[in-house]
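Residue-level listing of the chains:
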Amino acid sequence: MTIEQTLMQRSGSKCKLCTSEDNLSVYDVAPSNGSAEQAVLLCDTCRTQIDSSNSLDVNHWRCLNDSMWTPEPAVQVMAWRMLKRLSGEGWAQDLLDMLYLEDDVKAWAEAGISDDSDDDTSPTRDCNGAILQEGDTVTLAKDLVVKGAGFTAKRGTMVKNIGLSSNPEHIEGKVNGVRVVLVAAYMKKA
């Protein structure tokens, strides 16, 4: 049996991420050995959005709420990677926080992400020049108006478990229960 036939049988002829039945094809989950265990069956919509970051339809990926619970490691890896890409969205970060991966599966998921990152990006620094890391706790160094949320984050507010963005000048974190993007120069490492 070919890999495609194996995946069709395993997935019930549906996309493993969004359950679409149209335009399905095999997608190797890098790094891959080319086996069916390290591949998933995806529709054109999912495949296009995975391969191209500028054509991302955030609402399409709400399907990960269901597919992330599959017992198949390759699907778990793809769900984790997409949720990581969408972690600026509150619902995606919440799902990512709930998703548990075995150590070997998480290492596989992270291995695919590290290949895409640029090593020549400058580090994210706070107002005092301290380098900020993913998961750090910071405090606001000045009052900040949170656009679109209708409140002002007061100076001294603590933001725990921050996330770094692709822009070294910005961090992501929850303020008053709302996930927002903050300017790192207005933060102080706690």
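Note: the structure precedes this text.
Residues numbered from 1 in each chain as written. Predicted model: local features only at pLDDT ≥ 70, side-chain atom pairs only at ≥ 80, totals over all residues. Heavy atoms only, no water.

A.B. asks: Any details on helix H4 (residues 73–85)? Residues and values, ideally.
C.D. replies: In a regular helix each residue adds 1.5 Å, so 13 residues correspond to 18 Å; H4 covers 18 Å between its end C-alpha atoms and thus fits that length. For H4, the tally of buried residues reaches 10 of 13 residues, placing the bulk of the element in the interior. (Helix = DSSP H or I, 4+ residues; strand = E, 2+ residues; numbered from the N terminus. Expected span 1.5 Å × (residues − 1). Buried < 20%, exposed > 50% of the residue type's maximum accessible area, 1.4 Å probe, protein only.)

A.B. asks: Hey, could you go over the packing of aromatic side chains for me, with residue numbers and the actual values?
C.D. replies: This structure, assessed with the given rule, holds zero aromatic pairs. In this structure, Lys142 is placed above the aromatic ring of Tyr186, and the distance from its NZ or CZ to the ring centre is 4.6 Å. (Phe/Tyr/Trp six-rings, centres within 6.5 Å; stacked < 30°, edge-to-face > 60°. Lys NZ or Arg CZ within 6 Å of the ring centre and 35° of its normal.)

A.B. asks: Quick one: what's the story with the pattern of salt bridges, residue by residue and with numbers?
C.D. replies: Tallied over the full model, the rule gives five salt bridges. In this structure, Lys174 engages Asp94 in a salt bridge whose closest nitrogen and oxygen atoms are separated by 3.2 Å. In this pair, Lys174 sits in strand S8 (residues 170–175) while Asp94 sits in helix H5 (residues 90–98), placing the two residues 80 residues apart along the sequence. A relative accessible area of 35% means that Asp94 is categorised as partly exposed. Lys189 is the partner of Asp136 in a salt bridge, and the nearest nitrogen-oxygen pair spans 3.5 Å. Here Lys189 lies in strand S10 (residues 187–189) and Asp136 lies in the loop between helix H6 (103–114) and strand S3 (138–140), a separation of 53 residues in the sequence. Taking relative accessible area as the criterion, Asp136 reaches 15% and is therefore assigned buried. Note on Lys189: relative accessible area 37%, which makes it partly exposed. (Salt bridge = Lys/Arg side-chain N within 4 Å of Asp/Glu carboxyl O.)

A.B. asks: So, the pairing of strand S2 (residues 39–43): which residues are in play, and what are the values?
C.D. replies: By the criterion of burial, S2 is predominantly enclosed, with five of the five residues buried. Both faces of S2 are covered, namely the face carrying Ala39, Leu41 and Cys43 and the face carrying Val40 and Leu42. By the bridge criterion, five bridges tie strand S1 (residues 24–28) to S2 in an arrangement that is antiparallel. Among the inter-strand pairings, Asp28 is bridged to a residue of S2, identified as Ala39. (Pairing = 2+ DSSP bridges.)

So yeah, pure geometry; function would need other evidence.
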